[in-house]
Each structure stands twice: as structure tokens, then as C-alpha cells.
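# Chain and residue survey
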Amino acid sequence: MRWRDLRAGELRKEHVGQRLALAGWVGRRRDHGGLVFIDLRDESGLAQLVINPERTEEAAAVAHGVRNEFVVRAEGEVAARAPEAVNPSLPTGEVELQVDQLEIVSRSEPLPFQLDEENVDEVTRLRYRYLDLRRERMQRNLRLSAAVISAIRRFMDEQGFVDVWTPNLTKATPEGARDFVVPVRLQPGRFFVLPQSPQLFKQILMVAGFGRYYQIATCFRDEDLRADRQFEFRQLDLELSFPTREEVLDTLEGAVVASFEALGRTPPERPFRRLTWHEAMARYGSDKPDLRFGLELNDLTEETRGSEFKVFAQAPSVQYLTLPQELSRAELASLEELAKEWGGKGLAYLVFDEEDEVRSPIAKFLSAKLVDAVRPEQPGATVLFGADEPETVARVLSAVRNHLGRQLALIDVSRDEFLWVTDFPLFEWDEDSKRWAASHHAFTGVRPGDEDLIESDPGQALSQAYDLVWNGWELGSGSIRIHDPEIQRRVFKAMGIDEAEAQERFGFLLEVLRMGAPPHGGFAMGIERFVALMAGEQNIREVVAFPKTASGSEPMTGAPTPIAQDILAELGIQVLPQDG
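What this report covers is the structure whose coordinates are included nearby.

Here we take up the packing of helix α5 (residues 199-207) against helix α14 (residues 499-513). Where α5 meets α14, the closest approach of the two axes is 10 Å, and the angle between their N-to-C directions is 20 degrees. Relative to α14, the element α5 lies roughly parallel. Between α5 and α14 lies a crossing whose hand is left-handed. In contact with L200, I204 and V207 of α5, α14 contributes F508, L509 and V512. Here the residues of the contact of α5 with α14 sort into 6 nonpolar, no polar and no charged.

Structure, rendered in C-alpha cells:
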């Protein structure tokens, strides 16, 4: 027996008069005093079944026992709907199946929530994820994800990239997050880690002569989960030999455009906009700014030297942004709390009313010259100040800027703004370890001409790293890599990694680089972040089939769970009691 001749969503007017079988889930059942209508749903869409007791008493008897989410098979004749019954919103809305035979294939218990129910709490959705995935939103999102990945693969194949699978059991290397550790039964006390990225393997593939590599790689990072983070995620991972930076950026832009076109969306204009890291930080306080609205930062540090307002005069950095409307005291108090949440000591302000008069507790401490320097072009505005260390001011005002953009609907949601951020610092100072750390990773190339700064002034050395940003979300990072083993050794040394440690941790890579390494560079773009933005979602859990919650749990299976003691013993592992 064939379960079905067509999928439910494929039923059309040209099938009228044909005898066909359909199978799927009962989306809705409507009993009109004997005449029963069933919305039959499968992966392709909906079709209407009509069960008339005058046509078949047996099928009518079965239909009265059908409930939502039962799986049924129906066989009958396709008929055109009456003109007044046509549903123009459905592709199948002109026809229906007049049922002669109806079979309940599988029954469903009462559901913990209805599939069309709104505001179901997330834990319930994830506990019954197999039901949640039946819903239109999740079906759409996962199919969109599949279409995007197919488009990316087609584009990469057309560009001559080779899809190479790299190991998921590998050696720990510094990638910026904690590793997931895997014990090895055959070698007690030794461990693999799950890769945070295929970084070293793709570099090695360039030395191996592949020239153009890509992979939709699964990566693992043990870090706090947020809207744009999961323990496991996928990335478009790619690497090229003998590239210019322009070739790498052009490849990524091509993959993005191919994805838009595959979904029938107008692609962003190329080339994408660009800002250096220093420009982005100076104008927006962020290396992933949302360019769909203004509120740029302005520097006031020099103008405040010698100010009577000591908070400004003594701060290493003073910056401000101007909001073209007056804020109330309650709104300003709320922003001050936000500033404190992001590490600021507070948030100073000047409110210029419609008569251009100034309202602020700090106004009396500021000279007329300083007030005039920040006076907005139009009255009825608010100037917000940050005064602290440069990093703190940037972080706080960026958070305030983003908050105001959302809260006051300043963001032009009709626009898609892609941005390349380039020329990142090569190093950043790690206050905890009191040493320099790599801003991206330890294998990022130094900007030509800055090599001597590696030792003499690490904080001023720029890298050949670049990030891709879409509407304020960082999609991914890349760089031209270090291919000279001597430069690599010098970078390690600047990071406090001596020869012995470098050999122990990266000896295999240093050996590879000594065997004829071509110049190479690449990129890694987060697939889930990209797809979430494509789908209009604010959390990547909405485009992942089986995600983890913020606590790191997976409610459907109950993972993670304890492991039996005999298995732990075989692995040579002892679980120590945890305080608290």
C-alpha cells in the first residue's frame, strides 16, 4: 500500500477528478453536524479533507474519533471547492479531498500545548521540542537554514573550494574559550578536546597544497550561553593560499549574496562598508556597531582638561552622544542604572529644552564654552556623557546607544547593513595574567610594517584581522595568517609563551610552517547567527533543532546526566564533590 500519492501541500486544481491518497497530521478538525472537515498537514503544507457520512459511513465513524495531531491516511477523490469556500491564502485553497477511506495510523495523547498557542514558555517548548518543531515558525526557520547552507555550498563549490572534513577529537589550543574535554580509555590520564574551530587544521591544509578549503564545521565552546551563543554551533570555515585580504573579503561577500538570492531576497550592495577598528571604536564605542541609526560618539577629552568639573577633568577619556529629544528624569535614571550594569560609575547629562535652556545638576560646573561645544543644532535634545578609562567609556556609551536605538525605535529595520571591521590590534592587555594576549588568536598575521612593534610596543601593533558585522551582530572573524615560523615564534614570545611551552603546545604547527608554508588567510562565519538574522530571530535557539537552555541543559533528553561509576573507573576519572 502506498501511504500517499502526493504530499498534502502539493494538491492543486489540476488534480480535480483524480483518486489520490494523502497522509499526515491532523492540524484541525471541524465537525459540522455530521459533515467533518480535517486540515491535513505534512512538511509541504495543508490540504482540506471532507468526510461526508452520505458518501461513506465508515470513514465518518473514524473521523468522529480523530483528534488534533493524530496521524491519518485518507483516500478519495479531489474536488473543486465551491467559489464561496475557496481559501486564497493557501496554495491548496481551491480544492479538497472528498474522502472515501480514512485510517488512523497513529494516535496522539493530549498535547502539553497547542501548536498554534502563543507565548509558550521556552522550557516547555524545549522539553517537547519534537512538538515545537511541528510549528510553522520552526519549520520555516529550519528549512530556511537548509536553503542557506545549500546556497553557500553551491557558491563555494563554484569558486573552486574543496570540502574537507577535519577532526572533532583534537589537541587543546588557545582559542579564547574553555574546551570540552574528552577522556581516552586507551590512554588513561590523556584527553582530547572538541575543536573550538578547525583553525590549525585549515592552515595545515594550505601547507598541504589544497589552496582553497571550506567546511560547514561543527565547533564546540564551553562558555556562558546567550542569545547568540550555544555550546555547539556551525560555521562556514574557509582558507585560501596566496590570498590578498580583498580576495578573502570578496569570497565572504559572495557567499552572503548567494544566500540572499537563494531566499529570493534583495542582496546587500557590494562591496560592503568598511571601518577600521579604531574608527569603529571612536564613532560607536563598539567593534560591531549597528549602522542602521546614528547617535555617534564624540570625543571631548581635550576640551575638558582643566574643567572645574573634576569628574571630567580627571577622567582619561570623556565622550558624549546627542539624542535629538528631551529625556525625563525617570528615563535618565534608568539609563544611569544601565551604565552601571556595564561597568560605569554613572552617566552625566545635559538636557536642552525647547527654549534651548540647560537642565542638569552638572551644568553649574561647566563653562559656557564647554556647554556650547556640545550644544545640539536643534533644541529639545539630551547630551549623555561618559567619563572614565577609554575602554569603559566605549563599553558604556555603546550599550546606552544600542538601548536607545531599540527603545526609541531609531533603528531603520527596513535596512540591512553589512560592515567589515579591519585592522584590529594584534594584542590586548590581559589584566588578570599581566601579559599580552592575542586579540583574535595567536596565529593572526601582523600588519606589514608593524613587525618591529611586536617586541618594542605590542599595544600599538596592528593585525591583519577582520570581522564581518550585520546589523550589530558579529557574524564571524578572519585574518591573513602567520606563515613565517620566526614571526610566529616572536608573537608567542610577546604573549609570554617561551620556546619550551611553544614546542609543547604548538610543536606540530611550527614544524609544519618550516616545511614550505604559503601565505594564507581565511575566515569563519557563524551559520546560526547568520540564519537567525535571515529569519528575523533574535535568539539562535530559534534556528537550532535541539538547542541547550541558558543553564546548559537539554530538557527533551534530560542531558547532561551523571555517568555510571564503572564507566568513570574505566576512564580513570573520579568526580570530586562540589562545594555549595
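What follows picks up the thread again.
Here we come to the packing of aromatic side chains. Enumeration over the complete set of coordinates arrives at 18 aromatic pairs. Summarising the aromatic geometry, the rings of F272 and F418 are spaced 4.9 Å apart at their centres and angled 25 degrees between planes, so their arrangement reads as stacked. Within this pair, whereas F272 is found in the loop between α6 (245-262) and β11 (273-276), its partner F418 is found in strand β17 (residues 418-422), the two being separated by 146 residues in sequence. Judged by its relative accessible area of 4%, F272 is buried. Judged by centre distance (6.4 Å) and plane angle (85 degrees), the rings of F443 and F492 are edge-to-face. With F443 in the loop between β19 (435-438) and α12 (453-456) and F492 in helix α13 (residues 485-494), the pair connects residues that are 49 residues apart, well separated along the chain. Among the aromatic residues, those joined into a ring-pair cluster are F260, F272, F418, W470 and F530. The ring of Y128 has R127 sitting right over it, with the charged end atom 4.6 Å from the ring centre. Over the ring of F293 we find R401; its NZ or CZ atom is 3.9 Å from the centre of that ring.

The strands making up a sheet associate through hydrogen bonds between their backbones, and the pairing can be parallel or antiparallel. Strands sit in the order β1-β2-β3-β5-β4 around a closed barrel of 5 strands; the barrel is mixed. Each adjacent strand pair in this sheet contributes to an overall mean axis angle of 55 degrees, direction not counted.

Structurally, G160 can be placed in the loop between α4 (136-158) and β6 (162-163). On the accessibility criterion, G160 (41% relative accessible area) is partly exposed. Sequence spacing of G160 and A80 is 80 residues, and the spatial spacing of their C-alpha atoms is 50 Å.

To continue, consider the nonpolar core. The biggest cluster of nonpolar side chains holds 39 residues, and the ones touching the most others in it are L236, L238, L468, F523 and M525. Those residues within four positions of M525 in sequence are excluded, and the remaining contacts are I152, R234, Q235, L236, L252, V256, L468, L475, G476 and F530.

Side chains carrying opposite charge are able to pair once their charged atoms draw close together. Inspection of every chain in the model, using the stated rule, returns 49 salt bridges. Here D132 ties to R125 by a salt bridge, and the two come within 3.0 Å at their closest N and O atoms. What makes D132 buried here is its relative accessible area of 0%. Judged by relative accessible area, which is 7%, R125 ranks as buried. Between E537 and R137 there is a salt bridge, and its shortest N-O distance comes to 2.8 Å. One end of the pair, E537, is in the loop between α15 (527-535) and α16 (565-571); the other, R137, is in helix α4, with 400 residues separating them in the sequence. For E537, a relative accessible area of 7% translates into the label buried. When salt bridges with common partners are traced through the structure, they connect R125, R129, D132, R135, R137, E537 and E542 into a single cluster.

Right, let's talk about the sheet that holds β11 for a bit. If you trace the 8 strands from one edge of the open sheet to the other, you get β6-β9-β10-β22-β21-β20-β17-β11, paired in mixed fashion. The sheet is open, and its two borders are formed by β6 and β11, each paired with just one other strand. Relative to strand β22 (residues 520-526), strand β10 (residues 232-241) runs antiparallel, the two being bridged by 7 bridges. The partner of L236 across the bridge, within β22, is M525. Running at roughly 25 degrees to β10, α5 makes contact with β9 (212-220), β10 and β22 of the sheet. Lying over the sheet, α15 contacts β9, β10, β20 (465-470), β21 (473-480) and β22, oriented at roughly 140 degrees with respect to β21.

On to a negative patch on the surface. On the surface, E326, E354, E355 and E357 cluster together into a patch of negative charge. As for its position among the elements, E355 is in the loop between β14 (348-352) and β15 (358-359).

The next subject is α15. The buried fraction of α15 amounts to 9 of the 9 residues, a majority that puts the element mostly inside the structure. Of all the residues in α15, the buried ones are I527, E528, R529, F530, V531, A532, L533, M534 and A535. Two residues or fewer past α15, G536 is found with a positive phi of approximately 75 degrees.

Reading the values: the criteria
Residues numbered from 1 in each chain as written. Predicted model: local features only at pLDDT ≥ 70, side-chain atom pairs only at ≥ 80, totals over all residues. Heavy atoms only, no water. Axes fitted to C-alpha atoms, helices over the stretch in contact; angles between N-to-C directions. Helix = DSSP H or I, 4+ residues; strand = E, 2+ residues; numbered from the N terminus. Parallel < 35°, antiparallel > 145°, perpendicular 65-115°, else oblique. Left-handed = near helix turned anticlockwise from the far one by under 90°. Contact = heavy atoms within 4.5 Å. Nonpolar A, V, L, I, M, F, W, Y, C, P; charged D, E, K, R; others polar. Phe/Tyr/Trp six-rings, centres within 6.5 Å; stacked < 30°, edge-to-face > 60°. Buried < 20%, exposed > 50% of the residue type's maximum accessible area, 1.4 Å probe, protein only. Lys NZ or Arg CZ within 6 Å of the ring centre and 35° of its normal. Pairing = 2+ DSSP bridges. Core = buried A, V, L, I, M, F, W, Y, C linked by side-chain atoms within 4.5 Å. Salt bridge = Lys/Arg side-chain N within 4 Å of Asp/Glu carboxyl O. Patch = residues over 30% accessible without salt bridge, like charges linked within 9 Å, V, L, I, M, F, W, Y side chains within 5 Å. Areas by Shrake-Rupley, 256 points an atom, 1.4 Å probe, with all protein chains shown as cover. Lys, Arg positive; Asp, Glu negative; His and termini not counted. Charge placed at Lys NZ, Arg CZ, Asp CG, Glu CD.

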